[in-house]
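Chain residues, written in single-letter form:
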Amino acid sequence: MNSTKRNILITGGAGFIGSHVVRRIVAKYPHYNVVNLDKLTYAGNLANLTAIENASNYTFVKGDITEATFINELFEQYQFDGVIHLAAESHVDRSISNPLEFVITNVIGTVNLLNAAKKLWNANIDNAVTDKKFYHISTDEVYGSLGAEGLFTEKTAYDPHSPYSASKASSDHFVRAYFDTYKLPAVISNCSNNYGSFHFPEKLIPLAINNIKQMKPVPVYGKGENVRDWLFVEDHAAAIDLIFHEGKIGETYNIGGNNEWKNIDLIHLLCKIMDKKLNRAEGTSASLITFVKDRAGHDLRYAIDSSKLQKELGWKPSLQFEEGLEKTVEWYLTNEEWLNNVTSGNYKEYYTAQYSKR
Ligand code: NAD
Ligand code: DAU
């Protein structure tokens, strides 16, 4: 994608990572027309986007990627040159209780977008499109679970275990199939666990911050020995910006923090930071740690080798984890209203009011 005037579709832009991407792209590329398409599920929150909601190069469209006719009409209306596709059901625990919703949104929704892009760009095996891009945002969970050693590379075979990761793996396969079969100009990235501001408090770090703040138990699954590779969300947004503009069509890029933490060690670090920030006696927050029943099929360890992205496109993470975690805690303590609205469900009223203004 070059930097001339472009119509860009970002899906899932009212969610955690999507809102960071939308804010970044809208502010950095004033000559782009950015359309943010989001269904506003429980995870979508327009309060994440107040910083850019009135920007002249930004449009919000409430809509569902699973509705094929609507998606085709949207592509026809806006003549998109590029797509950054983040919309998804994203929480592993929810996928265990309701797998079908993950198939419908993550697989069918993605295929609807691929079909609409293929049609608009007239992509087919005899017509390699080079000035458009379909960028699919995926996860390291498609690679399965590591033992004590090793890293996921772009060549690691897919081995998903949860309904969530199976649905993301399937969507990745469809994106590759559309590149191979129709020469749809697609690129994929697979990223490790993100953390930072605007993270919905059902995921480990924001849930723990919220519970510690309220002196509620902090649930740690199993023995807390599972390992995740944490990346500051703004570093992921920077990688997405870079791959969207410089990534090679047909390629996959792994994105990761080179920052592995056992859950229990991470929670202890968080407790220390929270004690300091809340002027509590050391050990107060850690006393809330409660070991609970393990997640079914809980992947032991994720760890990403992002050397391809670092070498080929020059990306690297900007923050040390301790610094990023402190910044994140500060954000949640400063943005009490956001957190209270999300946990009480009031953000739904906020966005209904906002949306009806348009
Ligand atoms: P999120 O759950 O915070 O946000 C998802 C967004 O998608 C929400 O705004 C929601 O309203 C929207 N959405 C859901 N279903 C939709 C539909 N049918 N039509 C239109 N919009 C819909 O998710 P996130 O954590 O920001 O993740 C974004 C993407 O990044 C996902 O594709 C996820 O698989 C991927 N990812 C996430 C992480 C992570 O650590 N959170 C890491 C790697 C990859
Ligand atoms: O690896 C990338 C993935 O990271 C993304 O694709 C997913 O969308 C995102 O949700 C995240 O998945 P995880 O399952 O790793 O994230 P979660 O925050 O749910 O859990 C992180 C770890 O903490 C995991 O080992 C489970 C554990 N956990 C989680 C919760 C919510 C707990 O011990 N207690 C909890 O209450």
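Residues numbered from 1 in each chain as written. Chains lettered and ligands numbered in written order. Predicted model: local features only at pLDDT ≥ 70, side-chain atom pairs only at ≥ 80, totals over all residues. Heavy atoms only, no water.

Undergrad: Just to check I follow, could you spell out the sheet that holds strand β9 (residues 227-232) for this structure?
TA: Strand pairing in a sheet takes place through backbone hydrogen bonds and is either antiparallel or parallel in direction. Strand order in this open sheet of three strands is β7-β9-β11, and the pairing throughout is mixed. Edge positions in the open sheet fall to β7 (193-195) and β11 (260-262), since each of these has one partner strand only. On average, each strand axis in the sheet is inclined to that of its neighbour by 50°, with strand direction left out of account. Where β7 and β9 come together, three bridges link them in parallel fashion. Following the sheet pairing, Asn-194 is matched in β9 by Leu-231. (Pairing = 2+ DSSP bridges. Helix = DSSP H or I, 4+ residues; strand = E, 2+ residues; numbered from the N terminus. Axes fitted to C-alpha atoms, helices over the stretch in contact; angles between N-to-C directions.)

Undergrad: Sorry, what's going on with the sheet that holds strand β2 (residues 32-38) here?
TA: Pairing is parallel across the open sheet formed by seven strands, whose spatial order is β3-β2-β1-β4-β5-β6-β10. Since the sheet does not close on itself, it has two edges, and those belong to β3 (58-62) and β10 (252-255), each with one partner. Here the strands of the sheet are splayed against their neighbours by 20° on average, with no regard to which way each runs. Taken together, the five bridges between β2 and β3 define a ladder with parallel strand orientation. Each residue of the ladder has a partner; that of Leu-37, found in β3, is Val-61. Of the strands in this sheet, β1 (6-11), β2, β3 and β4 (82-85) are in contact with helix α1 (residues 16-28), which crosses β2 at around 165°. Strand contacts of helix α5 (residues 163-182): β5 (133-139), β6 (186-191) and β10, with the helix running at about 155° to β5, the strand carrying the most contacts. (Contact = heavy atoms within 4.5 Å.)

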